[in-house]
Amino acid sequence: MEGINSEFIYDLRRMGSLNMIQWCQKVGLLASRRVCNVCQKEMKFIERKDKKDGFEWICRERTVNIHCVKMSVRKDSWFEHSHMEIWKVLLITYMWVMEARVDHICLDVGVNESTVTDWMSFCREVCFVVFENESEPLGGEGVVVEIYESKFGKRKYNRGKRVEGKWVFGGVERGSSRCFFKVVECRSKDILLDIIKNYIKPKSILISDCWKAYDCLKDEGFTHLKVNHSITFKDPESGAHTNSIEGTWSAIKRSFPRHKVNNALIYYLCEYVWRRQFRTEKFNNFCTFIKKIYDVNKEVVGSKK
Ligand SMILES: [Zn+2]
């Protein structure tokens, strides 16, 4: 899937529906075979001019019934439940990956803003689900992980209403692009320790600020270095500093649409983590993420109509 850009997607569109579908099948975004759930035979891929995509899966096993089972080409895919043409969904996805502005996406794809923002949240959700399912803990013996907690979305007044914001706790592994973030109710010792044990391997070297909840870390099998931000950026005794996580944190805060962050915060954090990890072959890598969730080639059978 190398060399994909918006021109390539426009080209696919110009080449017609069959080409579009076949390309998606080749890269695994659409299923390339289907099995009928009634007779267990391979279904056939046929042209159907009355269908949106112009094609459909069908079982022609006459022993059960003529045309007993039909299935949309989009079943279980990233494109299922959308009324848009496949190329439009692909182009929105591509442009989200490339960090295009919402108004540019609207213009290029020819859809309205709410459609684009919906699909952008679906994209973030993909990052979220994949990271939730398969994040390998950070750190390990001798590996430095910086941990940090910060309040997001906090402003004193928003049109007269007080906005409380949310605590986010996170960690960044030094020397790699790996990190994690969690939205937490409060930054109590029990909550933070629970997350640390889940997301960071024992014997890691943890660097944190002087928040008292972290005092228990050395009893939990971690090497713990503290940085006192109010005194000096770099602790003269331990030599520890938290440059990289503070840079990360301010980059995240800058990248968020402030007024929208509250409920969707974790999704934006996951987008950030994804972008941090995949700086090259981004569209290819994002399609790999999509396929982990919208797995069209798992054994799926058609439903009777
Ligand atoms: Zn059948």
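Anyway, here's the lowdown on the structure attached to this text. (Residues numbered from 1 in each chain as written. Predicted model: local features only at pLDDT ≥ 70, side-chain atom pairs only at ≥ 80, totals over all residues. Heavy atoms only, no water.)

## Focus: the nonpolar core
Reasoning step 1: Among the nonpolar cores identified, the biggest contains 67 residues, and C24, L29, F79, L90, F181, W274 and F286 are the most heavily contacted of them.
Reasoning step 2: Per-element accounting of this core gives the leading share, 10 residues, to helix 3 (residues 86–97).
Reasoning step 3: Here this core gathers at least three residues from each of two domains, domain 1 (6–133 + 289–304) and domain 2 (144–281).
Reasoning step 4: Each residue touching F181, except ones within four places of it in the same chain, is listed here: V168, F169, G170, T248, W249, I252, I266, L269, Y272 and V273.
Reasoning step 5: Residues I147, W167, V184 and I195 belong to the second largest nonpolar core, which totals 19 residues. (Core = buried A, V, L, I, M, F, W, Y, C linked by side-chain atoms within 4.5 Å. Buried < 20%, exposed > 50% of the residue type's maximum accessible area, 1.4 Å probe, protein only. Helix = DSSP H or I, 4+ residues; strand = E, 2+ residues; numbered from the N terminus. Domains from an automatic or database assignment. Contact = heavy atoms within 4.5 Å.)

## Observations concerning the coordination of the zinc ion
Reasoning step 1: The protein atoms that coordinate the zinc ion are C36 (SG), C39 (SG) and C59 (SG), at distances spanning 2.2 to 2.3 Å.
Reasoning step 2: Mapped onto the sequence, the donors of the zinc ion take the spacing C-x2-C-x19-C. Of this pair, C39 sits in the loop between helix 2 (17–27) and strand 1 (44–47) while C59 sits in strand 2 (residues 55–59), and the two are 20 residues apart along the sequence.
Reasoning step 3: C59 sits in the buried class, given a relative accessible area of 1%. (Donors = N, O, S within 2.8 Å, 3.2 Å for Na, K, Ca; no water.)

## Re the packing of helix 5 (residues 113–134) against helix 9 (residues 282–293)
Reasoning step 1: As a packed pair, helix 5 and helix 9 sit with axes 9 Å apart at the nearest point and diverge in direction by 70°. Our classification of the angle between helix 5 and helix 9 gives roughly perpendicular. In the packing of helix 5 onto helix 9, the handedness of the crossing is left-handed. Contacts between helix 5 and helix 9 involve C123, V126, C127, V129, V130, F131 and E134 from the former and F286, F289, I290, K292 and I293 from the latter. (Axes fitted to C-alpha atoms, helices over the stretch in contact; angles between N-to-C directions. Parallel < 35°, antiparallel > 145°, perpendicular 65-115°, else oblique. Left-handed = near helix turned anticlockwise from the far one by under 90°.)

## A word on the sheet that holds strand 8 (residues 179–184)
Backbone hydrogen bonds hold the strands of a sheet together, and the pairing may be parallel or antiparallel.
Reasoning step 1: If you trace the 5 strands from one edge of the open sheet to the other, you get 8-7-4-9-10, paired in mixed fashion. Two strands bound the open sheet, and with one partner strand each, they are strand 8 and strand 10 (223–226). Shown here is a sheet whose adjacent strand axes are inclined to one another by a mean of 20°, direction ignored.
Reasoning step 2: With 8 bridges connecting them, strand 4 (residues 144–152) and strand 7 (residues 166–173) associate as antiparallel partners. Residue pairing in the sheet places E146 in a bridge with V172 of strand 7.
Reasoning step 3: Seen against the sheet, helix 6 (residues 189–199) touches strand 4, strand 7, strand 8 and strand 9 (205–208) and runs at an angle of roughly 150° to strand 8. (Pairing = 2+ DSSP bridges.)

## A few points about the pattern of salt bridges
Reasoning step 1: Tallying each qualifying case throughout the model produces 18 salt bridges.
Reasoning step 2: In this structure, E56 and K51 form a salt bridge, with 3.8 Å as the shortest nitrogen-oxygen distance.
Reasoning step 3: The exposure class assigned to E56 is buried, which follows from its relative accessible area of 3%.
Reasoning step 4: The salt bridge partner of D76 is K75, with a shortest N-O separation of 3.5 Å.
Reasoning step 5: Here K75 falls in the partly exposed class, since its relative accessible area comes to 24%. (Salt bridge = Lys/Arg side-chain N within 4 Å of Asp/Glu carboxyl O.)

## A closer look at the packing of aromatic side chains
Reasoning step 1: Applying the stated criterion across every chain, the model contains 19 aromatic pairs.
Reasoning step 2: Ring plane angle 50° and centroid distance 4.9 Å describe the contact between W96 and F286, whose orientation is recorded as tilted. In this pair, W96 is assigned in helix 3 and F286 in helix 9, connecting sequence segments 190 residues apart.
Reasoning step 3: The exposure class of W96 is buried, given its relative accessible area of 2%.
Reasoning step 4: Exposure remark for F286: the relative accessible area of 0% places this residue in the buried category.
Reasoning step 5: Measuring from centroid to centroid gives 4.7 Å for F180 and Y199, while their planes differ by 20°, and the two rings are stacked. A residue pair is termed long-range when its members are at least 10 positions apart, and F180 in strand 8 and Y199 in helix 6 qualify at 19 residues.
Reasoning step 6: Note on F180: relative accessible area 5%, which makes it buried.
Reasoning step 7: Since its relative accessible area comes to 15%, Y199 is described here as buried.
Reasoning step 8: An aromatic cluster is present here, built from W96, F131, W274, F278, F286 and F289 joined pairwise through their rings.
Reasoning step 9: Directly above the aromatic system of W96 lies the positively charged group of R275, at a separation of 4.5 Å from the ring centroid. (Phe/Tyr/Trp six-rings, centres within 6.5 Å; stacked < 30°, edge-to-face > 60°. Lys NZ or Arg CZ within 6 Å of the ring centre and 35° of its normal.)

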